[in-house]
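Listed below, chain by chain, are the residues.
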Amino acid sequence: MSKHKEDVLKAVRDNNINFVRLQFTDIFGIPKNVEIPAGRLQSVLEKGIAFDGSSIEGFMRISESDMYLRPDPMTFAIYPWTMDLGNGRTARIICDVLLPNGQPFPGDPRYVLKRAQSEVEKLGYSMYAGAEAEFFLFLRTPDGRASLELHDRGSYFDLTPLDRGEAARADIVVALEQMGFEIEAAHHEVAPSQHEIDFRYADVLRTADNIVTFRFVVKTIAMQHGLHATFMPKPVAGINGSGMHTHISLWRGSENAFYDPKAPYGLSEVARQFLAGIIEHIGAITALANPLVNSYKRLVPGYEAPVNISWARINRSALIRVPASNTPETSTRIELRSPDPSCNPYLAYAAILVSGLDGIKRKLTPPDPVEENIYELTREEREERGIGALPGSLDEALAALRRDKVVTAALGEHIVEKYLEAKEKELQEYRLAVTPWEIERYLEDY
Ligand code: GLU
Ligand code: MG
(Lines give C-alpha, C1' and ligand atoms only; values in the text may rest on other atoms or scores of the structure.)
(Ligands and ions follow the chains in the order given, each with its own letter.)
Protein backbone atom coordinates (compact mmCIF):
# COMPACT_ATOMS: atom_id res chain seq x y z
CA MET A 1 0.00 0.00 0.00
CA SER A 2 1.38 3.43 -0.99
CA LYS A 3 2.49 6.01 1.55
CA HIS A 4 -0.44 8.25 0.68
CA LYS A 5 -2.93 5.47 1.34
CA GLU A 6 -1.24 4.69 4.68
CA ASP A 7 -1.44 8.39 5.56
CA VAL A 8 -5.15 8.46 4.78
CA LEU A 9 -5.83 5.42 6.98
CA LYS A 10 -3.82 6.96 9.81
CA ALA A 11 -5.73 10.27 9.50
CA VAL A 12 -8.99 8.33 9.64
CA ARG A 13 -7.89 6.59 12.88
CA ASP A 14 -6.44 9.72 14.49
CA ASN A 15 -9.46 11.94 13.82
CA ASN A 16 -12.27 9.62 14.81
CA ILE A 17 -13.64 9.45 11.26
CA ASN A 18 -16.75 7.24 11.06
CA PHE A 19 -17.77 7.84 7.48
CA VAL A 20 -15.96 8.57 4.25
CA ARG A 21 -17.70 10.08 1.25
CA LEU A 22 -16.39 8.94 -2.12
CA GLN A 23 -16.89 11.89 -4.42
CA PHE A 24 -16.90 12.46 -8.19
CA THR A 25 -18.83 14.83 -10.48
CA ASP A 26 -21.34 14.44 -13.28
CA ILE A 27 -20.78 16.16 -16.66
CA PHE A 28 -22.07 19.46 -15.24
CA GLY A 29 -19.56 19.45 -12.39
CA ILE A 30 -22.24 18.71 -9.80
CA PRO A 31 -20.64 16.67 -7.01
CA LYS A 32 -22.03 13.19 -6.34
CA ASN A 33 -20.98 10.85 -3.60
CA VAL A 34 -21.47 7.51 -1.98
CA GLU A 35 -20.75 7.15 1.72
CA ILE A 36 -18.93 4.19 3.25
CA PRO A 37 -18.21 3.34 6.88
CA ALA A 38 -14.56 4.07 7.66
CA GLY A 39 -13.92 0.36 8.28
CA ARG A 40 -14.32 -0.33 4.54
CA LEU A 41 -11.85 2.29 3.47
CA GLN A 42 -8.75 0.12 3.35
CA SER A 43 -10.35 -2.31 0.94
CA VAL A 44 -11.80 0.54 -1.17
CA LEU A 45 -8.41 2.25 -1.37
CA GLU A 46 -6.92 -1.00 -2.64
CA LYS A 47 -9.65 -2.31 -4.93
CA GLY A 48 -12.05 0.55 -5.55
CA ILE A 49 -15.80 0.20 -5.10
CA ALA A 50 -18.49 -0.75 -7.59
CA PHE A 51 -21.46 1.56 -8.10
CA ASP A 52 -24.37 1.90 -10.48
CA GLY A 53 -23.73 4.92 -12.70
CA SER A 54 -26.92 4.70 -14.75
CA SER A 55 -28.69 7.52 -12.94
CA ILE A 56 -25.80 9.97 -13.03
CA GLU A 57 -26.24 12.77 -15.60
CA GLY A 58 -24.11 12.07 -18.65
CA PHE A 59 -22.96 8.62 -17.52
CA MET A 60 -24.07 5.24 -18.88
CA ARG A 61 -27.18 3.63 -20.22
CA ILE A 62 -28.91 1.07 -17.97
CA SER A 63 -27.44 -1.93 -19.76
CA GLU A 64 -23.86 -0.92 -19.08
CA SER A 65 -24.13 0.86 -15.79
CA ASP A 66 -21.60 -0.96 -13.58
CA MET A 67 -18.68 1.26 -12.78
CA TYR A 68 -15.96 1.64 -10.20
CA LEU A 69 -14.76 4.49 -8.06
CA ARG A 70 -11.05 4.61 -7.32
CA PRO A 71 -10.17 7.13 -4.57
CA ASP A 72 -7.31 9.56 -5.17
CA PRO A 73 -5.66 9.58 -1.71
CA MET A 74 -4.11 13.02 -2.35
CA THR A 75 -7.59 14.56 -2.10
CA PHE A 76 -8.49 13.25 1.36
CA ALA A 77 -10.00 15.99 3.56
CA ILE A 78 -12.09 16.06 6.71
CA TYR A 79 -15.34 18.05 6.71
CA PRO A 80 -14.64 20.57 9.49
CA TRP A 81 -18.31 21.15 10.25
CA THR A 82 -18.74 17.54 11.34
CA MET A 83 -16.46 18.29 14.29
CA ASP A 84 -18.92 18.69 17.14
CA LEU A 85 -21.43 15.97 16.53
CA GLY A 86 -19.91 13.71 19.17
CA ASN A 87 -20.52 10.57 17.13
CA GLY A 88 -17.48 10.70 14.90
CA ARG A 89 -16.64 12.81 11.89
CA THR A 90 -16.98 12.58 8.12
CA ALA A 91 -14.23 12.89 5.51
CA ARG A 92 -14.23 12.81 1.75
CA ILE A 93 -11.97 11.60 -1.02
CA ILE A 94 -12.30 12.56 -4.67
CA CYS A 95 -12.40 9.51 -6.94
CA ASP A 96 -11.66 8.59 -10.51
CA VAL A 97 -14.41 6.69 -12.30
CA LEU A 98 -13.44 3.42 -13.98
CA LEU A 99 -15.14 0.90 -16.23
CA PRO A 100 -15.46 -2.70 -15.00
CA ASN A 101 -12.34 -3.58 -17.02
CA GLY A 102 -10.30 -1.04 -15.02
CA GLN A 103 -10.02 1.47 -17.90
CA PRO A 104 -10.92 5.12 -17.21
CA PHE A 105 -14.58 5.90 -17.90
CA PRO A 106 -14.68 8.36 -20.85
CA GLY A 107 -17.63 10.22 -19.28
CA ASP A 108 -15.64 11.15 -16.16
CA PRO A 109 -14.85 14.90 -16.42
CA ARG A 110 -11.83 14.52 -14.12
CA TYR A 111 -10.37 12.01 -16.54
CA VAL A 112 -10.85 14.43 -19.42
CA LEU A 113 -8.76 17.01 -17.60
CA LYS A 114 -6.10 14.44 -16.67
CA ARG A 115 -5.84 13.39 -20.31
CA ALA A 116 -5.44 17.03 -21.40
CA GLN A 117 -2.81 17.46 -18.68
CA SER A 118 -0.80 14.54 -20.03
CA GLU A 119 -0.78 16.27 -23.46
CA VAL A 120 0.86 19.40 -22.08
CA GLU A 121 3.27 17.28 -20.03
CA LYS A 122 4.46 15.60 -23.23
CA LEU A 123 5.82 19.02 -24.25
CA GLY A 124 7.56 19.33 -20.88
CA TYR A 125 5.12 21.81 -19.30
CA SER A 126 2.70 21.80 -16.38
CA MET A 127 -0.29 24.10 -16.37
CA TYR A 128 -1.11 26.08 -13.22
CA ALA A 129 -4.45 27.74 -12.63
CA GLY A 130 -5.89 30.07 -10.02
CA ALA A 131 -9.64 30.78 -9.84
CA GLU A 132 -11.49 33.81 -8.45
CA ALA A 133 -14.96 32.45 -7.86
CA GLU A 134 -17.58 35.07 -7.06
CA PHE A 135 -20.93 34.26 -5.48
CA PHE A 136 -24.02 35.85 -3.96
CA LEU A 137 -25.35 35.21 -0.49
CA PHE A 138 -29.12 35.55 -0.37
CA LEU A 139 -31.44 35.28 2.60
CA ARG A 140 -33.46 32.12 3.02
CA THR A 141 -37.20 32.28 3.67
CA PRO A 142 -38.35 31.22 7.17
CA ASP A 143 -39.20 27.78 5.75
CA GLY A 144 -35.64 27.42 4.47
CA ARG A 145 -36.05 28.06 0.74
CA ALA A 146 -33.64 30.17 -1.31
CA SER A 147 -34.82 33.71 -2.04
CA LEU A 148 -33.48 36.66 -4.02
CA GLU A 149 -33.51 38.81 -0.88
CA LEU A 150 -30.13 40.57 -0.52
CA HIS A 151 -28.53 40.45 2.92
CA ASP A 152 -26.67 43.79 2.67
CA ARG A 153 -26.11 46.92 0.59
CA GLY A 154 -22.31 46.65 0.58
CA SER A 155 -20.03 47.23 -2.38
CA TYR A 156 -16.46 46.53 -3.56
CA PHE A 157 -14.02 46.04 -0.65
CA ASP A 158 -16.57 47.59 1.74
CA LEU A 159 -16.04 47.15 5.41
CA THR A 160 -19.61 46.45 6.37
CA PRO A 161 -20.56 45.89 10.00
CA LEU A 162 -20.46 42.20 10.72
CA ASP A 163 -23.78 41.21 9.22
CA ARG A 164 -24.85 37.69 8.43
CA GLY A 165 -23.02 37.67 5.09
CA GLU A 166 -19.71 38.82 6.55
CA ALA A 167 -19.96 36.34 9.40
CA ALA A 168 -20.74 33.53 6.97
CA ARG A 169 -17.80 34.54 4.76
CA ALA A 170 -15.44 34.47 7.75
CA ASP A 171 -16.65 30.98 8.69
CA ILE A 172 -16.30 29.83 5.07
CA VAL A 173 -12.66 30.95 5.07
CA VAL A 174 -11.97 29.08 8.31
CA ALA A 175 -13.62 25.89 7.02
CA LEU A 176 -11.66 26.06 3.76
CA GLU A 177 -8.40 26.52 5.65
CA GLN A 178 -9.21 23.53 7.82
CA MET A 179 -9.65 21.54 4.61
CA GLY A 180 -6.17 22.53 3.45
CA PHE A 181 -6.95 25.58 1.29
CA GLU A 182 -4.48 28.45 1.37
CA ILE A 183 -6.73 31.52 1.28
CA GLU A 184 -5.14 34.57 -0.32
CA ALA A 185 -7.94 37.10 -0.02
CA ALA A 186 -11.63 37.40 0.77
CA HIS A 187 -13.65 40.51 0.05
CA HIS A 188 -17.01 42.00 -0.66
CA GLU A 189 -17.58 42.29 -4.42
CA VAL A 190 -19.10 45.14 -6.41
CA ALA A 191 -22.75 44.08 -6.15
CA PRO A 192 -24.67 44.02 -2.87
CA SER A 193 -24.48 40.60 -1.17
CA GLN A 194 -21.77 39.53 -3.61
CA HIS A 195 -18.52 38.07 -2.33
CA GLU A 196 -15.24 36.66 -3.58
CA ILE A 197 -12.78 34.34 -1.86
CA ASP A 198 -9.47 33.66 -3.60
CA PHE A 199 -7.42 30.57 -2.85
CA ARG A 200 -3.87 29.88 -3.93
CA TYR A 201 -3.23 28.68 -7.47
CA ALA A 202 -2.11 25.09 -8.01
CA ASP A 203 -1.71 22.63 -10.84
CA VAL A 204 -4.83 22.69 -12.96
CA LEU A 205 -6.25 19.35 -11.74
CA ARG A 206 -5.95 20.35 -8.09
CA THR A 207 -7.54 23.73 -8.83
CA ALA A 208 -10.48 22.04 -10.57
CA ASP A 209 -10.87 19.70 -7.55
CA ASN A 210 -10.64 22.75 -5.29
CA ILE A 211 -13.39 24.61 -7.16
CA VAL A 212 -15.81 21.72 -6.70
CA THR A 213 -14.91 21.55 -2.99
CA PHE A 214 -15.08 25.34 -2.69
CA ARG A 215 -18.63 25.54 -4.05
CA PHE A 216 -19.77 22.79 -1.70
CA VAL A 217 -18.16 24.39 1.37
CA VAL A 218 -19.54 27.85 0.55
CA LYS A 219 -23.05 26.44 0.18
CA THR A 220 -22.81 24.32 3.32
CA ILE A 221 -21.56 27.08 5.62
CA ALA A 222 -23.95 29.67 4.14
CA MET A 223 -26.84 27.35 4.92
CA GLN A 224 -25.70 27.13 8.54
CA HIS A 225 -26.06 30.92 8.64
CA GLY A 226 -29.56 30.87 7.23
CA LEU A 227 -28.25 32.06 3.84
CA HIS A 228 -28.33 30.62 0.35
CA ALA A 229 -25.06 30.83 -1.60
CA THR A 230 -25.42 30.80 -5.36
CA PHE A 231 -22.87 30.51 -8.15
CA MET A 232 -25.55 31.27 -10.72
CA PRO A 233 -23.82 33.72 -13.10
CA LYS A 234 -26.46 36.50 -13.19
CA PRO A 235 -29.05 36.09 -10.46
CA VAL A 236 -30.16 39.75 -10.42
CA ALA A 237 -30.62 41.91 -13.52
CA GLY A 238 -29.08 45.37 -13.45
CA ILE A 239 -26.14 44.61 -11.13
CA ASN A 240 -22.87 42.71 -11.69
CA GLY A 241 -23.00 38.99 -12.24
CA SER A 242 -20.58 36.44 -10.81
CA GLY A 243 -17.46 35.49 -12.74
CA MET A 244 -14.71 32.99 -12.17
CA HIS A 245 -11.66 34.73 -13.60
CA THR A 246 -8.94 32.18 -14.12
CA HIS A 247 -5.23 32.94 -13.96
CA ILE A 248 -3.12 30.64 -16.09
CA SER A 249 0.60 29.95 -16.43
CA LEU A 250 2.73 27.16 -17.85
CA TRP A 251 5.78 25.99 -15.99
CA ARG A 252 8.80 24.02 -17.10
CA GLY A 253 10.08 22.45 -13.89
CA SER A 254 10.58 25.34 -11.47
CA GLU A 255 10.58 28.00 -14.22
CA ASN A 256 7.61 30.07 -15.27
CA ALA A 257 7.56 29.48 -19.04
CA PHE A 258 5.28 32.50 -19.54
CA TYR A 259 7.96 34.98 -18.41
CA ASP A 260 10.50 36.61 -20.69
CA PRO A 261 12.00 39.86 -19.33
CA LYS A 262 12.93 41.01 -22.84
CA ALA A 263 9.50 40.55 -24.41
CA PRO A 264 6.63 43.10 -24.43
CA TYR A 265 4.53 42.80 -21.24
CA GLY A 266 7.13 40.25 -20.05
CA LEU A 267 5.14 37.63 -21.95
CA SER A 268 7.24 34.87 -23.50
CA GLU A 269 6.62 33.54 -26.97
CA VAL A 270 5.02 30.43 -25.47
CA ALA A 271 2.68 32.64 -23.44
CA ARG A 272 1.66 34.61 -26.53
CA GLN A 273 1.06 31.43 -28.49
CA PHE A 274 -1.01 29.98 -25.63
CA LEU A 275 -3.02 33.21 -25.49
CA ALA A 276 -3.53 33.09 -29.26
CA GLY A 277 -4.76 29.49 -28.94
CA ILE A 278 -7.37 30.53 -26.39
CA ILE A 279 -8.53 33.32 -28.71
CA GLU A 280 -8.68 30.88 -31.64
CA HIS A 281 -10.94 28.45 -29.71
CA ILE A 282 -12.81 30.87 -27.46
CA GLY A 283 -16.22 29.97 -28.97
CA ALA A 284 -15.93 26.32 -27.94
CA ILE A 285 -14.34 27.22 -24.60
CA THR A 286 -17.34 29.46 -23.92
CA ALA A 287 -19.76 26.54 -24.37
CA LEU A 288 -18.01 24.91 -21.38
CA ALA A 289 -16.89 27.89 -19.30
CA ASN A 290 -20.31 29.60 -19.62
CA PRO A 291 -22.64 26.63 -19.69
CA LEU A 292 -26.04 28.03 -18.72
CA VAL A 293 -28.70 30.01 -20.58
CA ASN A 294 -28.21 32.49 -17.74
CA SER A 295 -24.41 32.72 -18.34
CA TYR A 296 -25.07 34.95 -21.37
CA LYS A 297 -26.96 37.49 -19.28
CA ARG A 298 -23.66 38.15 -17.50
CA LEU A 299 -21.60 38.55 -20.70
CA VAL A 300 -23.06 41.96 -21.56
CA PRO A 301 -21.47 45.45 -21.61
CA GLY A 302 -21.29 47.53 -18.46
CA TYR A 303 -20.88 44.96 -15.69
CA GLU A 304 -17.13 44.21 -15.73
CA ALA A 305 -17.68 41.00 -17.66
CA PRO A 306 -16.09 40.55 -21.09
CA VAL A 307 -18.12 40.76 -24.29
CA ASN A 308 -15.45 41.11 -26.95
CA ILE A 309 -12.49 38.97 -27.91
CA SER A 310 -9.44 40.98 -27.00
CA TRP A 311 -6.53 41.11 -24.61
CA ALA A 312 -4.79 43.89 -22.70
CA ARG A 313 -2.62 44.76 -19.75
CA ILE A 314 -4.91 46.79 -17.53
CA ASN A 315 -8.17 46.96 -19.37
CA ARG A 316 -10.87 45.13 -17.41
CA SER A 317 -13.24 45.08 -20.35
CA ALA A 318 -10.81 42.70 -22.10
CA LEU A 319 -11.37 38.97 -22.37
CA ILE A 320 -7.77 38.26 -21.35
CA ARG A 321 -5.72 40.47 -19.09
CA VAL A 322 -2.02 40.32 -18.28
CA PRO A 323 -1.95 41.33 -14.62
CA ALA A 324 0.98 43.51 -13.55
CA SER A 325 3.30 42.01 -10.98
CA ASN A 326 6.30 43.03 -8.89
CA THR A 327 7.62 39.45 -8.96
CA PRO A 328 7.30 38.71 -12.68
CA GLU A 329 9.76 35.78 -12.64
CA THR A 330 7.21 33.72 -10.77
CA SER A 331 3.87 35.46 -11.23
CA THR A 332 3.69 36.30 -14.94
CA ARG A 333 0.37 34.89 -16.07
CA ILE A 334 -2.69 35.56 -18.18
CA GLU A 335 -6.14 36.08 -16.70
CA LEU A 336 -9.10 34.74 -18.66
CA ARG A 337 -12.11 36.74 -17.49
CA SER A 338 -14.98 34.98 -19.27
CA PRO A 339 -15.53 31.78 -17.24
CA ASP A 340 -18.31 31.83 -14.69
CA PRO A 341 -18.59 29.78 -11.51
CA SER A 342 -21.45 27.59 -12.77
CA CYS A 343 -19.09 25.73 -15.09
CA ASN A 344 -17.73 22.23 -14.76
CA PRO A 345 -14.11 23.23 -14.01
CA TYR A 346 -12.71 19.93 -15.27
CA LEU A 347 -14.23 20.39 -18.73
CA ALA A 348 -13.73 24.15 -18.94
CA TYR A 349 -10.07 23.86 -17.94
CA ALA A 350 -9.46 20.92 -20.26
CA ALA A 351 -10.84 23.06 -23.12
CA ILE A 352 -8.62 26.02 -22.15
CA LEU A 353 -5.57 23.78 -21.84
CA VAL A 354 -5.90 22.08 -25.23
CA SER A 355 -6.70 25.39 -26.90
CA GLY A 356 -3.55 27.00 -25.53
CA LEU A 357 -1.60 23.94 -26.48
CA ASP A 358 -2.94 24.15 -30.02
CA GLY A 359 -1.67 27.73 -30.11
CA ILE A 360 1.80 26.52 -29.11
CA LYS A 361 1.83 23.62 -31.57
CA ARG A 362 0.71 25.84 -34.46
CA LYS A 363 2.85 28.79 -33.29
CA LEU A 364 -0.16 31.12 -33.48
CA THR A 365 0.29 34.88 -33.09
CA PRO A 366 -2.24 36.81 -30.99
CA PRO A 367 -3.89 39.98 -32.32
CA ASP A 368 -2.56 43.32 -31.02
CA PRO A 369 -3.64 44.19 -27.48
CA VAL A 370 -6.49 46.72 -27.08
CA GLU A 371 -5.99 49.03 -24.12
CA GLU A 372 -9.06 51.26 -24.53
CA ASN A 373 -12.37 50.55 -22.87
CA ILE A 374 -13.98 48.34 -25.52
CA TYR A 375 -17.47 48.99 -24.20
CA GLU A 376 -16.98 52.54 -25.50
CA LEU A 377 -15.84 51.65 -29.04
CA THR A 378 -18.48 51.78 -31.73
CA ARG A 379 -19.27 48.67 -33.71
CA GLU A 380 -17.46 50.16 -36.75
CA GLU A 381 -14.36 50.84 -34.66
CA ARG A 382 -14.39 47.29 -33.36
CA GLU A 383 -14.85 45.87 -36.84
CA GLU A 384 -12.04 48.00 -38.23
CA ARG A 385 -9.71 46.58 -35.64
CA GLY A 386 -10.90 43.02 -36.07
CA ILE A 387 -12.25 42.71 -32.52
CA GLY A 388 -14.77 39.87 -32.56
CA ALA A 389 -17.50 39.16 -30.03
CA LEU A 390 -17.96 36.26 -27.62
CA PRO A 391 -20.96 34.03 -28.36
CA GLY A 392 -24.07 35.98 -27.41
CA SER A 393 -26.09 32.95 -26.36
CA LEU A 394 -25.73 29.35 -25.30
CA ASP A 395 -27.04 28.42 -28.73
CA GLU A 396 -24.15 30.19 -30.47
CA ALA A 397 -21.60 28.76 -28.07
CA LEU A 398 -22.83 25.20 -28.63
CA ALA A 399 -22.60 25.73 -32.39
CA ALA A 400 -18.98 26.84 -31.94
CA LEU A 401 -18.27 23.77 -29.81
CA ARG A 402 -19.74 21.48 -32.44
CA ARG A 403 -17.44 23.00 -35.07
CA ASP A 404 -14.28 22.90 -32.96
CA LYS A 405 -12.21 19.81 -33.73
CA VAL A 406 -9.52 20.43 -31.11
CA VAL A 407 -11.86 20.95 -28.16
CA THR A 408 -14.29 18.18 -29.11
CA ALA A 409 -11.38 15.74 -29.55
CA ALA A 410 -10.14 16.65 -26.06
CA LEU A 411 -13.56 16.09 -24.52
CA GLY A 412 -14.03 12.79 -26.32
CA GLU A 413 -17.10 11.53 -28.15
CA HIS A 414 -18.96 10.37 -25.06
CA ILE A 415 -18.87 13.73 -23.28
CA VAL A 416 -19.52 15.77 -26.44
CA GLU A 417 -22.61 13.74 -27.25
CA LYS A 418 -24.03 13.77 -23.70
CA TYR A 419 -23.18 17.41 -23.10
CA LEU A 420 -24.74 18.67 -26.33
CA GLU A 421 -27.81 16.51 -25.83
CA ALA A 422 -28.39 17.83 -22.30
CA LYS A 423 -27.70 21.45 -23.27
CA GLU A 424 -30.02 21.28 -26.32
CA LYS A 425 -32.75 20.06 -24.00
CA GLU A 426 -32.07 22.95 -21.60
CA LEU A 427 -32.25 25.42 -24.49
CA GLN A 428 -35.47 23.92 -25.71
CA GLU A 429 -37.03 24.26 -22.24
CA TYR A 430 -35.95 27.90 -22.19
CA ARG A 431 -37.49 28.53 -25.61
CA LEU A 432 -40.77 27.09 -24.42
CA ALA A 433 -40.91 29.25 -21.30
CA VAL A 434 -42.92 32.48 -21.44
CA THR A 435 -41.01 34.82 -19.17
CA PRO A 436 -42.37 37.57 -16.86
CA TRP A 437 -40.49 40.08 -19.06
CA GLU A 438 -42.53 39.07 -22.11
CA ILE A 439 -45.81 39.33 -20.25
CA GLU A 440 -44.96 42.76 -18.92
CA ARG A 441 -43.71 43.99 -22.30
CA TYR A 442 -46.34 42.54 -24.63
CA LEU A 443 -49.55 41.53 -22.88
CA GLU A 444 -51.17 44.93 -22.87
CA ASP A 445 -49.62 46.44 -26.01
CA TYR A 446 -50.59 43.65 -28.39
N1 GLU B 1 -18.24 40.36 -11.34
C2 GLU B 1 -17.49 40.66 -12.50
C3 GLU B 1 -17.70 39.56 -13.58
O4 GLU B 1 -18.77 39.24 -13.83
C5 GLU B 1 -16.01 40.82 -12.22
C6 GLU B 1 -15.64 41.85 -11.22
C7 GLU B 1 -14.14 41.87 -10.96
O8 GLU B 1 -13.41 42.52 -11.71
O9 GLU B 1 -13.71 41.15 -10.05
O10 GLU B 1 -16.80 39.04 -14.19
MG1 MG C 1 -13.84 39.73 -8.60
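Just above sits the structure.
## A word on a negative patch on the surface
So, step 1. A cluster of acidic residues, E57, E413, E417 and E421, forms a negative patch at the surface.
So, step 2. Considering the arrangement of structural elements, one finds E417 in helix α14 (residues 413–432).
So, step 3. Residue E417 is classed as partly exposed on the basis of its relative accessible area of 48%.

## A short note on the packing of helix α7 (residues 282–289) against helix α12 (residues 394–403)
So, step 1. Axis separation between α7 and α12 bottoms out at 7 Å; the angle between their running directions is 120 degrees. What the angle tells us is that α7 and α12 run oblique. Viewed along their axes, α7 and α12 form a crossing whose handedness is left-handed. Facing G283, A284, T286, A287 and L288 of α7, the residues of α12 in contact are A397, L398, A400 and L401.

## Side note on the site of ligand 1
So, step 1. The immediate surroundings of ligand 1 are formed by 13 residues, with E134, E189, G241, H245 and R298 found nearest.
So, step 2. At 2.7 Å from a nitrogen atom of ligand 1 is found a side-chain nitrogen or oxygen belonging to E134.
So, step 3. Within the side chain of E189, an N or O atom sits 3.1 Å from an oxygen atom of ligand 1.
So, step 4. Protein contact buries 97% of the 300 Å² of open area that ligand 1 shows by itself.
So, step 5. Of the residues belonging to the shell around ligand 1, the class tally is two nonpolar, four polar and seven charged.

## Focus: the side chain of S331
So, step 1. Here S331 lies in helix α9 (residues 328–331).
So, step 2. Look at S331 and you get buried, because its relative accessible area is 19%.
So, step 3. For S331, the side chain forms a polar contact with the main-chain oxygen of T327, separated by 2.7 Å.
So, step 4. Residues within four places of S331 in sequence aside, it is in contact with N256 and S325.

## Some words on α7
So, step 1. Taken across its eight residues, α7 has eight buried, putting it largely inside the fold.
So, step 2. Taken as a whole, α7 has its buried residues at I282, G283, A284, I285, T286, A287, L288 and A289.

## Observations concerning the pairing of strand β1 (residues 17–25)
So, step 1. Where β1 and strand β6 (residues 89–98) come together, six bridges link them in parallel fashion. Residue pairing for β6: R21 is matched across the bridge by R92.
So, step 2. Here β1 pairs with strand β2 (residues 31–37) via seven bridges, running antiparallel. Residue pairing across strands places V20 opposite I36, the latter belonging to β2.
So, step 3. Linking β1 back to β2 in an antiparallel pair, the connection comprises five residues, with G29 at a positive phi of about 85 degrees.

## A few points about the coordination of the magnesium ion (ligand 2)
So, step 1. Taken together, the protein ligands of the magnesium ion (ligand 2) are E134 (OE), E189 (OE) and E196 (OE), with distances of 2.0 to 2.2 Å.
So, step 2. Each donor residue of the magnesium ion (ligand 2) lies on the same chain, and together they follow the pattern E-x54-E-x6-E. Remark: E189 occurs in the loop between β9 (183–188) and β10 (194–199) and E134 occurs in strand β7 (residues 126–140); sequence separation between them is 55 residues.
So, step 3. The buried category is assigned to E134, whose relative accessible area is 7%.
So, step 4. The class of E189 is buried, set by a relative accessible area of 7%.

## A word on the packing of aromatic side chains
So, step 1. Evaluated as defined, the whole model comprises 17 aromatic pairs.
So, step 2. With centroids separated by 6.0 Å and ring planes inclined at 75 degrees, the aromatic side chains of Y128 and Y201 adopt a geometry described as edge-to-face. In this pair, Y128 sits in strand β7 while Y201 sits in the loop between β10 and β11 (202–203), placing the two residues 73 residues apart along the sequence.
So, step 3. Through a chain of ring-to-ring contacts, three or more aromatic side chains come together here, namely F135, F181, F199, F214 and F231.
So, step 4. One Lys or Arg, K234, reaches over the ring of Y303 and ends 3.7 Å from the middle of that ring.
So, step 5. Sitting over the ring of Y265, R313 keeps its end group 5.4 Å from the ring centre.

## What about the nonpolar core?
So, step 1. The biggest cluster of nonpolar side chains holds 93 residues, and the ones touching the most others in it are F214, L250, F274, I278, I334 and Y349.
So, step 2. A per-element tally of this core places helix α10 (residues 345–361) first, with eleven residues.
So, step 3. Contact partners of F214, with chain neighbours within four places excluded, come to A133, F135, L176, F181, I197, F199 and F231.
So, step 4. Ranked by size, the runner-up nonpolar core spans 27 residues in total, among them L9, A11, F24 and A91.

## Examining a nonpolar patch on the surface
So, step 1. Taken together, the side chains of V434, I439 and L443 make up a nonpolar region of the molecular surface, amounting to roughly 300 Å² of accessible area.
So, step 2. Looking at where L443 falls in the secondary structure, it is placed in the segment after α15 (436–442).
So, step 3. Taking the relative accessible area as the measure of exposure, L443 reaches 57% and is therefore exposed.

## Some details on the packing of helix α4 (residues 164–178) against helix α5 (residues 204–224)
So, step 1. Running from amino to carboxyl end, α4 crosses α5 at an angle of 135 degrees, the nearest separation of the two axes being 9 Å. Considering the angle they form, α4 stands oblique to α5. For the crossing formed where α4 meets α5, the hand is right-handed. Seen from α4, the contacting residues are A168, D171, I172, A175 and L176; seen from α5, they are F214, V217, V218 and I221.
So, step 2. Residue composition of the contact of α4 with α5, grouped by class: eight nonpolar, no polar and one charged.

Parameters and conventions
- Residues numbered from 1 in each chain as written.
- Chains lettered and ligands numbered in written order.
- Predicted model: local features only at pLDDT ≥ 70, side-chain atom pairs only at ≥ 80, totals over all residues.
- Heavy atoms only, no water.
- Patch = residues over 30% accessible without salt bridge, like charges linked within 9 Å, V, L, I, M, F, W, Y side chains within 5 Å.
- Areas by Shrake-Rupley, 256 points an atom, 1.4 Å probe, with all protein chains shown as cover.
- Salt bridge = Lys/Arg side-chain N within 4 Å of Asp/Glu carboxyl O.
- Lys, Arg positive; Asp, Glu negative; His and termini not counted.
- Charge placed at Lys NZ, Arg CZ, Asp CG, Glu CD.
- Helix = DSSP H or I, 4+ residues; strand = E, 2+ residues; numbered from the N terminus.
- Buried < 20%, exposed > 50% of the residue type's maximum accessible area, 1.4 Å probe, protein only.
- Axes fitted to C-alpha atoms, helices over the stretch in contact; angles between N-to-C directions.
- Parallel < 35°, antiparallel > 145°, perpendicular 65-115°, else oblique.
- Left-handed = near helix turned anticlockwise from the far one by under 90°.
- Contact = heavy atoms within 4.5 Å.
- Near = heavy atom within 4 Å.
- Polar contact = N/O pair within 3.5 Å; in protein donor to acceptor, adjacent residues only side chain to side chain.
- Nonpolar A, V, L, I, M, F, W, Y, C, P; charged D, E, K, R; others polar.
- Pairing = 2+ DSSP bridges.
- Donors = N, O, S within 2.8 Å, 3.2 Å for Na, K, Ca; no water.
- Phe/Tyr/Trp six-rings, centres within 6.5 Å; stacked < 30°, edge-to-face > 60°.
- Lys NZ or Arg CZ within 6 Å of the ring centre and 35° of its normal.
- Core = buried A, V, L, I, M, F, W, Y, C linked by side-chain atoms within 4.5 Å.

Note that every value here comes from positions in space, so none of it alone points to a role or purpose.
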